[in-house]
Amino acid sequence: MFFRKPSPTSSLNYYLPSSSDLFSKTKDKDPNIALTKLNKIKYLLFSCLFIATWLILLRLWLSPTTTTTLTTTTTTTLNNHNKTCVGSYPFYIYNLPPQFNLGLLEHCNNLNIYTNMCPHVANNGLGQPIVTTVTALSSSSWFATHQFIAEMIFHARLENHPCRTWDPSEAHLFYVPFYGGLYASSVFREANLTQRDSLAVDLVDYLQSLPWFNINEGKDHFLALGRTAWDFMRTPSGPDFGANILLNLPPVKNMSVLTVERQPWQGKNQFGIPYPSYFHPRSLTELMTWQKQIGDSTRPYLFSFVGGTRHGLEKAKIRDEILKQCKNSMKCELVQCGNGASKCHDPMAVLEVMSKSRFCLQAPGDSFTRRSTFDSILAGCIPVFFSSHTAYTQYAWYLPDEKNTYSVFIDENDCGEGKKSIEEVLMGISKEDEEKMRVAVINLIHKVTYMHPNASVVEDVSFGDAVDIALERLSRIVEEKISGKDFGSEEV
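Quantities reported herein were computed from a predicted structural model and do not represent experimental measurements.

Asks: When you look at the overall build of the chain in this model, what are you seeing that I'm missing?
Replies: A count of helices and strands for the chain gives 17 helices and 12 strands. The contacts of the chain with a sequence gap of at least 6 include a subset with a gap of at least 24, amounting to 73%.

Right, here's the structure in full:
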């Protein structure tokens, strides 16, 4: 093969002679040949112009594509950051001054006027571990959890939750980790109302100083309280039983408030969350193992009642009738609570009785709701209610709308002399219907359980725990509030 020596590069003018030059150089030659060369030059010029135009258009066309790619990448990065966040929007946790939460624990022996709370605030609010023989599961998932400690457990669960974001600009929800229930119970007997309300007022002042709170006037913020709403709704004209005014403060009314018992008539921004029971599984496997064990449990008692009398409370009068009927029935197992030593204060003794019972009676006590409702669900025992406010108007996020699919309702006015007894009502339920209800109850266990704060992430949203479900529902509520819709609540 032969190679021709390359000639030096010439300027563009060398290749684009004028038409007059062409004709002058070819004047002695055939004019048709000169015309052909001219046409070729015109074609070359046209081609260059055409290509240049397309290059410009191509650049303009590519510019928005680049922007789109960057936007997609940003979204993907955000999704990767929350790659296991399902069912909820990202939320941000405020790092409150310690006097609003962890600082309170330094005086844990004074957090409750009735008991020393130090053992109960241990392990992020789970309380003291229980060594149990009731189940073959690891005892590291069982704790003597106090009934009014949900706010601490909620906080601990959110600290490690996959939907948490450390950047408030990414957040759709803002969690205010105020241990309001622990504070409220520490000042029940404070006669100076200004002093009793002081921490609640200080919290609101602090929140209103934050830019993120003011953007939507607190509508995307939420609290979780371990005590009933009644403990935060004192009014000038109402009775004073030790409550403060937290939930009556206007900025808090814009927020969403999670509480173990909402005020059924005025709690539009209040949403019921379960009382914590004793089981805090570390994995979905542990949870499902317990569900199977409790589903296979032998139940020799038709019904049982764990509780005592409540003197001077109209809504608790039904307890006297329940105690009388249970004592007179051969099919009822009674665990009577009172002062001094009692099985009522032994978590495993309570669960053992409930796991051997087909139905568990749930009567109002100091307030409409009771932790025992969630103990009975954990034990696979069908709850029997005597007031709609014990569960039906409280826990719409967690319990089915079809009340008779998982519970029995006996109006308290239908109990007593000349009325059908509780035993007769329960005996009238067919075995088939009872079994369907029990399956439904056992399927509720994961919804009303607070997983251990260090539990492995459950990516299947259908197996979310009490915290996961609250976040999912809050995401919807906040979206509706900010859009101006009437988000409502479980109004009576």
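Asks: Looking at this model, I keep getting lost on the state of the cysteines. Mind explaining?
Replies: Applying the stated criterion across every chain, the model contains 5 disulfides. The disulfide partner of Cys 337 is Cys 344, and the gap between their sulfur atoms is 1.6 Å. Residues Cys 337 and Cys 344 are joined through a disulfide that is left-handed, its torsion about the S-S bond being -85°. Residue classification places Cys 344 among the buried positions, given a relative accessible area of 15%. Each sulfur in the disulfide pair Cys 360 and Cys 381 lies 2.1 Å from the other. Residues Cys 360 and Cys 381 share a disulfide whose torsion about the S-S bond is about 110°; that sign makes it right-handed.

Asks: What is the right way to look at the nonpolar core in this model?
Replies: Note on soluble globular proteins: their nonpolar side chains tend to be buried together. Counting residues in hydrophobic clusters, the biggest one holds 125 residues, and the most contacted among them are Phe 154, Leu 246, Leu 258, Phe 359 and Phe 386. In terms of residue count, the dominant contributor to this core is helix H17 (residues 466–483) (8 residues). With near-sequence residues (within four places) excluded, Phe 154 lies in contact with Tyr 175, Phe 222, Ala 224, Leu 258, Ile 273, Tyr 450, Val 467 and Ala 470.

Asks: Would you mind showing me how to read helix H12 (residues 347–355) here?
Replies: Two residues of an α-helix separated by three or four positions point the same way, owing to the 3.6 residues in each turn. Most of H12 is tucked away: 8 of the 9 residues are buried. Residues Pro 347, Met 348, Ala 349, Val 350, Leu 351, Val 353, Met 354 and Ser 355 constitute the buried set of H12. Buried residues along H12 sit against strand E3 (143–144), helix H10 (284–295), strand E8 (301–307), strand E9 (332–336), strand E10 (357–362) and helix H13 (372–378).

Asks: Even after reading the chapter, I still don't get the pattern of salt bridges, so can you show me in this structure?
Replies: Under the counting rule described, the total for this entry stands at 14 salt bridges. For Glu 434, the salt bridge is made with Arg 358, and the minimal N-O distance between the two is 3.0 Å. Separated by 76 residues along the polypeptide, Glu 434 in helix H15 (residues 431–443) and Arg 358 in strand E10 bring together distant segments of the chain. In this structure Arg 358 comes out as buried when scored by relative accessible area, which is 16%. Between Glu 432 and Lys 436 there is a salt bridge, with the nearest N and O atoms lying 3.7 Å from each other. Of the two residues, Glu 432 and Lys 436 are both situated in helix H15; the distance of 4 residues between them amounts to about one turn of the helix.

Asks: How should I be thinking about the sheet that holds strand E12 (residues 408–409) in this particular structure?
Replies: By way of backbone hydrogen bonds, the strands of a sheet pair with one another, either parallel or antiparallel. Pairing within the open sheet is parallel, and its 5 strands lie in the order E9-E8-E10-E11-E12. Sheet topology places E9 and E12 at the edges, where each strand pairs with a single neighbour. Strands in contact with helix H11 (residues 318–327) are E8, E9 and E10; relative to E9, the strand with the most contacts, it is inclined by about 130°. Relative to E10, H15 is tilted by about 70°, and along the sheet it contacts E10, strand E11 (382–385) and E12.

Asks: What is the right way to look at the environment of Phe 154 in this model?
Replies: Tracing the backbone through its elements, the reader meets Phe 154 in helix H5 (residues 150–159). Look at Phe 154 and you get buried, because its relative accessible area is 0%. Along the backbone, Phe 154 and Leu 223 are 69 residues apart, and their C-alpha atoms lie at a distance of 9.9 Å.

Asks: Help me understand the packing of aromatic side chains, please; the structure alone is not making it clear to me.
Replies: Aromatic ring pairs: the centre-centre distance and the angle between the two ring planes describe each pair. Applying the stated criterion across every chain yields a total of 19 aromatic pairs. Ring geometry for Phe 271 and Trp 397: centres 4.9 Å apart, planes at 20°, overall stacked. Placement of the pair is Phe 271 in strand E7 (residues 270–272) and Trp 397 in the loop between E11 and E12, with a sequence separation of 126 residues. Pair check on accessibility: Phe 271 and Trp 397 agree, each one buried. Residues Phe 279 and Trp 290 carry aromatic rings whose centres are separated by 5.9 Å and whose planes lie at 50° to one another, so their mutual orientation is tilted. On the criterion of sequence distance, the pair formed by Phe 279 in the loop between E7 and H10 and Trp 290 in helix H10 is long-range, its members being 11 residues apart. Given a relative accessible area of 2%, Phe 279 falls into the buried group. Chaining the aromatic ring pairs together yields one cluster made of Tyr 92, Tyr 94, Phe 174 and Trp 212. One residue, Arg 227, lies across the ring of Phe 148, its end atom 4.1 Å from the ring centre.

Analysis parameters
Residues numbered from 1 in each chain as written. Predicted model: local features only at pLDDT ≥ 70, side-chain atom pairs only at ≥ 80, totals over all residues. Heavy atoms only, no water. Helix = DSSP H or I, 4+ residues; strand = E, 2+ residues; numbered from the N terminus. Contact = heavy atoms within 4.5 Å. Disulfide = S-S within 2.5 Å. Buried < 20%, exposed > 50% of the residue type's maximum accessible area, 1.4 Å probe, protein only. Core = buried A, V, L, I, M, F, W, Y, C linked by side-chain atoms within 4.5 Å. Salt bridge = Lys/Arg side-chain N within 4 Å of Asp/Glu carboxyl O. Pairing = 2+ DSSP bridges. Axes fitted to C-alpha atoms, helices over the stretch in contact; angles between N-to-C directions. Phe/Tyr/Trp six-rings, centres within 6.5 Å; stacked < 30°, edge-to-face > 60°. Lys NZ or Arg CZ within 6 Å of the ring centre and 35° of its normal.

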